[in-house]
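What follows is each chain in one-letter form.
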Amino acid sequence: MIQLFDIIFSTGFFHSILRVSTPIIFAGLAAVYSERSGVINVSIEGVMLTGALSGVVISALTRSLWISILGTILICVLMALILGLLTLNLEANSIMSGLAINILAQGGTIFILYILTGSKGNSALLNSMQIPNVELPFIKEIPVIGHVLSGQNILTYVAIIVAFVSHVFLFRTATGVAIRSAGENPDALISVGINVKKVRFIALTISGILSSLAGIFLSMGYMNGFTANMTAGRGFIGIAANAMGNQLPLGTLFASLIFGAADSAANALQVLKIPTQFIQMIPYITTILGVFIYSVSTSKRKRREG
Amino acid sequence: MVANKLKKNITLILSVALALLISFIIIFFVSDEPLYAIKAFIVGPFSTSRRLGNLIEKTIPLIFTGLAASIMFQAKQFSLIADGSFVIGGLAGTILALNLRLSPIATIPIILVLSAIAGGLCAVIPAYLKSRWDTNEFVVSMMMNSILQLFAAYVLLNIIRDPESGFVASFLIPDQYHLSILFSGTRIHFGLIIAMIVTILAYILIYKTKLGYSIRMVGFNPNFAFYSGVKLSLIIFIVQIIGGSISGLGGAVEILGMYDRFQWQTSPGLGFDGMTVAILASNNPIFVPIGALFIAYIRTGADVMARTSQVPNEMVYIIQGLVMIFVTANLLVNLFKDRKIRCKMDTRLTNSVSKGGSHDTAI
């Protein structure tokens with residue numbers, strides 16, 4: 001038990017929370033944009049997975065981080081736009097189309113990996129690149145916080161910054177307001193002459209960019225290379241974080257950190273002799289609790305208002 | 001109406017054909033002998049009686065999960081619990097078969113019924129949260145699947161694992177509890193008959209009973225259903241429990257029909273395939289066996305192809321994803337004609353307004 005407390009109250013533990021939360025923050029924010037605009041985007045999981053593979057493959061082929069990031073973003077945005085095409089133009093059910101994209105991504109990534117490397121498991125044979133960790137110049141000197149905040153992957157900082165920027169963007173800019181109205185009251189948008197579909201496509205584009213960053217982080221930051229199905233449901237946990245965070249960027253950031261903490265705690269709890277399977281359940285149980293608490297609070301609010 | 005149905009079937013077949021065509025093009029790019037690979041894929045499943053048997057064996061569990069998905073989709077409940085229920089159904093079937101000591105005639109039905117109940121119980125949390133608090137059933141069922149799978153792995157590794165087995169698997173399921181083989185020379189088992197019976201029952205439930213009518217009404221227009229006196233939350237709950245139960249039954253049938261030991265440390269993923277089956281069947285239970293047969297066919301074909309050529313059998317997921325995309329996109333355009341017209345009006349309105357003003361600068 002004392003051993004456990006030693007782990008939980010160490011700076012390393014909080015350091016790992018930020019690291020583990022990063023893909024969930026990106027995925028959660030991706031969900032915020034699409035759901036705010038009125039499109040349920042289940043495909044985040046598959047887009048992340050594709051991003052994880054394409055980052056590795058492009059960086060191995062071109063030996064350039066920038067080209068691999070830009071190429072991956074391009075591919076992922078394309079996938080998000082396909083979802084838009086299906087749901088907005090062809091009026092397909094968004095959950096079904098999203099799941100279809102996930103199935104495609106799940107099989108397609110292994111297919112491509114096998115064609116390129118002859119392995120169905122991982123990309124160890126590809127000489128891919130890493131997104132570096134950075135030490136923050138002044139913050140590093142602060143005793144405890146410095147240890148937690150400094151030395152993270154660049155994308156971890158990007159994720160946190162994007163959460164704050166998204167807050168300003170969604171609530172303070174015309175485009176942000178348009179995205180929110182597209183979800184809450186599309187008729188109002190129509191009445192002021194804004195094309196709802198166009199707004200939703202913009203939101204999906206942003207959603208695709210964020211999903212791609214989540215994928216890039218997984219294969220080029222969190223781990224060194226791609227492994228089959230490496231997203232392991234993080235896209236869905238991101239959707240849950242968005243629901244729990246009340247579709248607010250900062251709320252989603254906070255919810256993602258809670259999931260990250262549950263995940264890190266699961267690692268720390270392994271020193272107690274609890275069977276690993278039960279420890280591995282913790283993030284999923286937390287997610288259900290989070291979504292549940294959110295829905296109870298909204299349904300109570302609705303009852304008060306209505 | 002008849003013309004409409006015909007049109008729907010034609011678009012369905014065209015969608016499937018298009019998906020297959022695209023995958024053949026992919027095979028052309030990745031294979032050294034593409035024609036050989038495609039031939040293996042298409043005629044492979046029929047080449048030997050063993051492979052033909054494989055095809056039918058693979059169809060059986062897909063019928064169960066396909067029925068589970070189509071019943072839930074009828075009420076527009078996008079719960080993925082079929083996957084977790086399938087695993088737990090199989091686990092429950094194994095545990096019961098290992099512990100019950102009655103005559104097989106009495107035991108097998110008891111095992112199947114209890115496994116179905118176990119599968120239904122898996123669906124309780126997402127179903128109750130959705131019906132009572134409007135919690136997103138998609139996210140909750142997804143998380144439940146992971147939890148249930150981990151639970152199954154725990155039980156397998158710590159409670160029912162046979163240390164003498166060379167791989168991670170449960171103790172041997174006694175021979176007398178295996179479902180009997182229908183055709184000698186294959187492994188096609190009695191589960192096929194059970195699947196057919198459940199198919200017919202599901203069809204009767206959806207199209208010939210009051211409950212089924214309510215289920216379809218909830219799916220078609222929940223507001224209308226609510227104001228017609230349908231207990232919305234009850235239907236939402238029941239439909240997911242039925243889905244979980246059918247899938248749980250399927251899991252037990254699969255274990256008792258195809259396996260000597262329980263060995264699913266990770267989910268076989270048949271619950272997810274059930275959704276593709278449901279889409280191919282337009283959520284109509286009576287067409288589910290056909291959809292299941294198709295998915296089993298591309299599975300078997302891809303396995304044969306993977307063994308005889310360089311094309312990995314993940315090709316199946318590409319075909320499945322494409323079929324799902326094409327069918328959902330087309331199907332819904334046809335199903336919701338009036339919605340389409342309304343949306344067209346919306347866009348026309350938008351266009352005329354935006355032509356009048358200069359609000360586009362806002363974006």
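Residues numbered from 1 in each chain as written. Chains lettered and ligands numbered in written order. Predicted model: local features only at pLDDT ≥ 70, side-chain atom pairs only at ≥ 80, totals over all residues.

- The name recorded for chain B in an unreviewed UniProt entry is ABC-type uncharacterized transport system,permease component, from [Clostridium] ultunense Esp.
- Its UniProt record gives chain B the following Subcellular location (unreviewed entry) comment, quoted word for word: "Cell membrane". (UniProt positions renumbered as here; feature names shortened; annotations may be inferred.)

- Looking up chain A in an unreviewed UniProt entry gives the name Putative ABC-type transport system, permease component, with the organism given as [Clostridium] ultunense Esp.
- Per its UniProt entry, chain A bears the Subcellular location (unreviewed entry) comment "Cell membrane".

Re the nonpolar core
Point 1. Core analysis: the largest hydrophobic core is formed by 199 residues, its most contacted members being F26(A) and V139(B).
Point 2. The element that contributes the greatest number of residues to this core is helix α10 (residues 196–222) of chain A, accounting for 14 residues.
Point 3. Apart from the residues lying within four places of it in its own chain, the contact partners of F26(A) are A159(A), L210(A), S211(A), L213(A), A214(A) and F217(A). (Core = buried A, V, L, I, M, F, W, Y, C linked by C-beta atoms within 7 Å. Buried ≥ 20, exposed ≤ 12 C-beta atoms within 10 Å, placed from the backbone. Helix = DSSP H or I, 4+ residues; strand = E, 2+ residues; numbered from the N terminus. Contact = placed C-beta atoms within 7 Å.)

Observations regarding the UniProt feature "transmembrane region" (unreviewed entry) in chain B
Residue and element names in this part refer to chain B.
Point 1. Mapped onto the present numbering, the UniProt feature "transmembrane region" (unreviewed entry) falls at residues 12–31, 80–100, 106–129, 138–160, 190–207, 232–256, 277–297 and 317–336.
Point 2. Segment residues 12–31 splits into 95% helix and 0% strand. End C-alpha atoms: 28 Å apart.
Point 3. When the span residues 190–207 is considered, its composition is 94% helix and 0% strand, and the gap between its end C-alpha atoms is 26 Å.

Things to note about the UniProt feature "transmembrane region" (unreviewed entry) in chain A
Point 1. With numbering matched to this structure, UniProt assigns "transmembrane region" (unreviewed entry) to residues 12–33, 39–58, 65–88, 94–116, 154–179, 199–223 and 278–296 of chain A.
Point 2. With 96% helix and 0% strand, residues 199–223 of chain A has its two end C-alpha atoms placed 35 Å apart.

Points about helix α7 (residues 154–172) of chain A
Residue and element names in this part refer to chain A.
Point 1. Taking 1.5 Å per residue, 19 residues should reach 27 Å; α7 reaches 26 Å between its end C-alpha atoms and fits that length.
Point 2. The complete set of buried residues in α7 reads L155, T156, A159, V162, A163, S166 and L170.
Point 3. Considering only its buried residues, α7 is in contact with α2 (11–36), β2 (152–153), α8 (174–184), α10 and α12 (249–268). (Expected span 1.5 Å × (residues − 1).)

Some remarks on the packing of helix α12 (residues 270–280) of chain B against helix α13 (residues 288–308) of chain B
Residues and elements named next belong to chain B.
Point 1. At a minimum axis distance of 8 Å, the contact between α12 and α13 shows a crossing angle of 125°. Relative to α13, the element α12 is oriented oblique. Seen along the crossing, α12 lies across α13 with a hand that is right-handed. For the pair α12 and α13, contact is made by D273, T276, V277 and L280 and by V288, G291, A292, F294 and I295, respectively.
Point 2. Grouping the constituent residues of the contact of α12 with α13 by class yields 6 nonpolar, 2 polar and 1 charged. (Axes fitted to C-alpha atoms, helices over the stretch in contact; angles between N-to-C directions. Parallel < 35°, antiparallel > 145°, perpendicular 65-115°, else oblique. Left-handed = near helix turned anticlockwise from the far one by under 90°. Nonpolar A, V, L, I, M, F, W, Y, C, P; charged D, E, K, R; others polar.)

Quick look at the interface of chain A and chain B
Point 1. Opposite the 52 residues of chain A that make contact, chain B presents 49 residues.
Point 2. Elements supplying a minimum of two residues to the side of chain A that touches chain B: α5 (94–117), α8, α10, α11 (234–244) and α13 (276–305) of chain A.
Point 3. A total of 15 residues in the side of chain A that touches chain B trace back to one element, the largest contributor, which is α5(A).
Point 4. Residues of the side of chain A that touches chain B, tallied by class, amount to 35 nonpolar, 14 polar and 3 charged.

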